[in-house]
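Observations on the model geometry
Spelled out from the first residue to the last, the chains are:
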Amino acid sequence: MHALGRRAAAPPPPGYTRIRAHGVDGVVWASLADALSAALADGTLYDYARVHTQRPPFLGRGPAYALSIDDTRLVVRHVR
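Residues numbered from 1 in each chain as written. Predicted model: local features only at pLDDT ≥ 70, side-chain atom pairs only at ≥ 80, totals over all residues. Heavy atoms only, no water.

1. Topic: the packing of aromatic side chains
Considering all chains together, one arrives at 1 aromatic pair under this definition. Between Y46 and Y65 the ring centres are 5.3 Å apart and the planes differ by 65 degrees, which places this aromatic pair in the edge-to-face class. Taken together, the residues span a long stretch of sequence, with Y46 in helix α2 (residues 45-52) and Y65 in strand β3 (residues 64-69) at a distance of 19 residues. Owing to a relative accessible area of 10%, Y46 belongs among the buried residues under this scheme. Residue classification places Y65 among the buried residues on the basis of a relative accessible area of 9%. (Phe/Tyr/Trp six-rings, centres within 6.5 Å; stacked < 30°, edge-to-face > 60°. Helix = DSSP H or I, 4+ residues; strand = E, 2+ residues; numbered from the N terminus. Buried < 20%, exposed > 50% of the residue type's maximum accessible area, 1.4 Å probe, protein only.)

Listed below in structure tokens is the structure:
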């Protein structure tokens, strides 16, 4: 156990890398790390997607947003 009872994070799988923004750690495709870090510079990925969506939101338990980052199509939603 480490400080505050947390275990060390396992290394990400091949092709992925760890990023940190606003005190939250995430694991992303390595090819998107810079673009996602830039997207997270001013807030959450969900907020970024809401502003930069390219179509009406998908509806369900809550809105989900489609966008492209570096020619990769993504859907971003809050986990409920």
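2. Side note on the environment of V24
Along the chain, the position of V24 falls in strand β2 (residues 24-29). Sequence separation between V24 and T44 is 20 residues, and the spatial gap between their C-alpha atoms is 9.9 Å.

3. Regarding unusual backbone geometry
Most peptide bonds are trans, and most residues other than glycine sit at a negative phi. Here D70, not a glycine, exhibits a phi torsion of approximately 50 degrees, which is positive. On the secondary structure map, D70 appears in the loop between β3 and β4 (72-77). Residue classification places D70 among the exposed residues on the basis of a relative accessible area of 52%. In the Ramachandran plot, D71 falls in the positive-phi region, its phi being about 65 degrees despite a non-glycine side chain. Within the secondary structure layout, D71 lies in the loop between β3 and β4. For D71, a relative accessible area of 80% gives the class exposed.

4. Considering the pattern of salt bridges
Tallied over the entire structure, the rule returns 2 salt bridges. The residue R20 makes a salt bridge to D25 at a minimum N-O spacing of 3.0 Å. A salt bridge links D47 to R50; its shortest N-O distance comes to 3.2 Å. In this pair, D47 and R50 are both assigned in helix α2, 3 residues apart and thus about one turn of the helix distant. Among the residues examined, D47 registers a relative accessible area of 34% and is labelled partly exposed. (Salt bridge = Lys/Arg side-chain N within 4 Å of Asp/Glu carboxyl O.)

5. What about the nonpolar core?
I19, L36, L67 and I69 are the most contacted members of the largest nonpolar core, which totals 14 residues. If one sorts the elements of this core by residue count, β3 sits on top with 3 residues. (Core = buried A, V, L, I, M, F, W, Y, C linked by side-chain atoms within 4.5 Å.)

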